[in-house]
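# Structure assessment
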Amino acid sequence: MVPGSLRTAEFWTSLLVLGLGVLIHVWWWPLLTVDMGEFLLPWLAHIRATGPVAAFATPFSNYMPPYLYLLAAASPLAAWMPDASVIKLVSMLGTLMLTLAARHLLLRLGVPSPGRKALVVALLPSVVINAGLMGQCDAWWAAPLVMATAAAIDRRHAAMFAWCGLAFAIKAQAAFAAPFFLALVLARRVPLRLWALAPLTAIAALLPAVAMGWPPRDLAMVYFRQAGHNDGLAFNAPNLWSIVEPLLSPSLVHPLTWLAFAAAVGATLLYLVLLTPRLARAGADVLLAAAALAPLIVCGLLPRMHERFFFFADVIAILLALARPDARAAALLVQAGSALALFAYLSGFQGAAALGAVATIAGTFLLAGLVRGGKSNAPAQAQGHARNVVSQISKVSA
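Keep in mind that this is a model prediction, so the values were computed, not measured.

A few words now on the overall build of the protein chain. Within the protein chain one finds 19 helices and 2 strands. When the 398 residues of the protein chain are sorted by exposure, 48% land in the buried category. Contacts in the protein chain between residues far apart in sequence, at least 24 positions, make up 76% of those at least 6 positions apart. Looking at the protein chain as shown, the accessible area adds up to about 18,400 Å², and 72% of this sits on carbon and sulfur atoms.

Time to look at the packing of helix H15 (residues 284-301) against helix H18 (residues 351-373). In the contact formed by H15 and H18, the axes pass within 9 Å of each other and the chain directions differ by 145°. The crossing of H15 and H18 is left-handed. Listed contacts from H18 to Val 286, Ala 289, Ala 290, Ala 292, Leu 293, Leu 296 and Ile 297 of H15 are Thr 360, Thr 364, Leu 367, Ala 368, Leu 370 and Val 371. Residues of the contact of H15 with H18, tallied by class, amount to 11 nonpolar, 2 polar and no charged.

Summarising burial for helix H9 (residues 178-188): 8 of the 11 residues are buried, a large majority. In this fold, the buried residues of H9 make contact with helix H7 (138-153), helix H8 (157-170), helix H10 (192-195), helix H14 (250-279) and H15. Arg 189 occupies a position one or two residues after H9 and carries a positive phi of about 55°.

Here the protein chain averages 89 in pLDDT, and 88% of its residues register 70 or above. Predicted confidence is poor over residues 376-398, with pLDDT under 50, and the contacts of this stretch with residues over four places away or in other chains come to 6 contacts.

One can find Lys 88 in helix H4 (residues 83-109). For the buried residue Lys 88, which engages in no salt bridge, the nearest side chain bearing the opposite charge is Asp 35, 13 Å off. Among the polar contacts listed, one links the side chain of Lys 88 to the backbone oxygen of Trp 29, at a separation of 3.1 Å. Setting aside its immediate chain neighbours within four residues, Lys 88 contacts Trp 28, Trp 29, Leu 31, Met 36, Ala 131, Gly 132, Leu 133 and Gly 135.

Our next topic: helix H16 (residues 311-323). In this model H16 runs 19 Å from its N-terminal to its C-terminal C-alpha over 13 residues, within 8% of the 18 Å that 1.5 Å per residue would give. Taken across its 13 residues, H16 has 11 buried, putting it largely inside the fold. Here H16 has its buried residues at Phe 311, Phe 312, Ala 313, Asp 314, Val 315, Ile 316, Ala 317, Ile 318, Leu 319, Leu 320 and Ala 321.

Under the criterion given, the structure shown has 9 salt bridges. Where Asp 83 meets Arg 48, a salt bridge forms, and the shortest distance between an N and an O atom there is 2.9 Å. On the criterion of sequence distance, the pair formed by Asp 83 in helix H4 and Arg 48 in helix H2 (residues 34-50) is long-range, its members being 35 residues apart. On the basis of relative accessibility, which here comes to 17%, the residue Asp 83 falls in the buried class. Look at Arg 48 and you get partly exposed, because its relative accessible area is 44%. For Arg 225, the salt bridge is made with Asp 218, and the minimal N-O distance between the two is 3.2 Å.

Below, the discussion takes up the nonpolar core. Core analysis: the biggest nonpolar cluster contains 107 residues, and Leu 98, Phe 180, Tyr 271, Leu 279, Leu 319 and Leu 367 have the highest contact counts within it. In this structure, Phe 180 is in contact with Tyr 271, Leu 279, Leu 287, Ala 290, Ala 291 and Ala 294, ignoring residues within four places of it in sequence.

One can describe the packing of helix H6 (residues 125-133) onto helix H17 (residues 328-347) by two numbers: an axis separation of 8 Å at closest approach and a directional angle of 35°. Residues Pro 125, Ser 126, Ile 129 and Leu 133 of H6 pack against Gln 335, Ser 338, Ala 339, Leu 342 and Leu 346 of H17. Class assignment of the residues belonging to the contact of H6 with H17 gives a composition of 6 nonpolar, 3 polar and no charged.

Reading the values: the criteria
- Along each chain, the written sequence defines residue order, and numbers are assigned to residues from 1.
- This being a predicted model, a pLDDT of at least 70 is required before a residue's local features are given, and a value of 80 or more before pairs of side-chain atoms are given or counted; all residues contribute to the totals for chains, interfaces and linings.
- The side-chain figures draw on all heavy atoms in the structure; neither hydrogens nor water molecules are used.
- Each helix is a run of DSSP H or I of at least 4 residues and each strand a run of E of at least 2, with the numbering of both proceeding from the N terminus.
- Buried residues are those whose accessible area, probed at 1.4 Å on protein chains only, stays under 20% of the maximum for their type, while exposed residues exceed 50% and partly exposed ones sit between those limits.
- A contact between two residues is defined here by any heavy atoms of the two lying within 4.5 Å.
- Every accessible area reported is derived by Shrake-Rupley at a probe size of 1.4 Å, with residue values counting cover from the shown protein chains alone.
- Every axis corresponds to a line fitted to the C-alpha atoms, with the helix fit spanning only the stretch in contact, and the corresponding angles, defined between N-to-C directions, vary from 0 to 180 degrees.
- The hand of a helix crossing depends on one turn: near helix anticlockwise from the far one by less than a right angle means left-handed, and clockwise means right-handed.
- Note on residue categories: nonpolar means Ala, Val, Leu, Ile, Met, Phe, Trp, Tyr, Cys or Pro, charged means Asp, Glu, Lys or Arg, and polar means any other residue, Gly included.
- Note: pLDDT gives the predictor's confidence per residue, expressed from 0 to 100.
- In this charge count, Lys and Arg are treated as positive and Asp and Glu as negative; neither His nor the chain ends contribute.
- Any carboxyl oxygen of Asp or Glu within 4 Å of a side-chain nitrogen of Lys or Arg constitutes a salt bridge here.
- Polar contact criterion, stated in full: a pair of N or O atoms within 3.5 Å, where within protein one must be able to donate a hydrogen and the other to accept it, and residues adjacent in sequence count only if both atoms are side-chain atoms.
- Under the convention used throughout, the expected extent of a helix is 1.5 Å for every residue step, that is, one less than its residue count.
- The nonpolar core is taken to be a set of buried Ala, Val, Leu, Ile, Met, Phe, Trp, Tyr and Cys residues, with the residues joined through side-chain atoms within 4.5 Å.

Here it is in structure tokens:
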């Protein structure tokens, strides 16, 4: 039984956290970013002009349909509020889904008060800025990936693949976590027949748009067009290239781009080689550290990354910190890196992205140490307490 005073304290703490989150969103609500004006608002305007079903008869966005379904479902609200408010409401609903997914994962990890602690996710700088200020939908693809991570911990591999497929159908950035799931299924020798659930789920998520008239060939090219949209080494991403690119002459950027791709591929292969044997018998906390490490390595070395591409790593790192106190420094560094990168995007001060890169790289190395170390490095007091409990149980049994 939980004491009444403890329940009351948890209730007021949760209420305070929620209130703070609401205040931040209210403060930022009237603000619009360039991306919202250039992309999201015209998409919603198209849906309103043609209807929530007829809108999908022709391609009108460089996002995959699952997010557009959400905009279409919310479009009737535009009769009572500005279009920007509709977009931000959809984003806030994504934050709610992400928070619920975080609660589920913390529950699977056995973390006390998982509901209250999951609220921390809703207040992370990258999460609040993503939804409340930018009106972006990254929480919508991160939430399925968090559920996939929980399914991986529970060894429910079919559910894991399905969640991964849904995340990828929403946004290509879900693929940055793929090295973790690939290493895990290789380590556990998961039957190949289950692997098909990921692409099948992704395809199923696109079928409503196809049925409404969106050409399948165009859908197949959406992510390829996104990849070719940018040119350069870094776009406010808190990675190595935000530090290197300002030091280069423009003529060196293109050749170094291919070197960056090669470095990312090589590091990913090294991740698979080194971690696959470790993940076979790894505990839940080590799996979580490995899940956070994968996108940090991939996004940390790939060129053309944006400030929002570390979103899943931000969330998983903080959830790991809630389960393992020795992961707090890594989680704070990863968060600081993303926050500085977002500041660089919003302010135009490119130096902030380079500072963020230093923090993110440091956090990446700390997480790598947690994975390499295996078991949680709990404080000596906690370990001594555990030994005393075991001793007392032994005496009772005797």
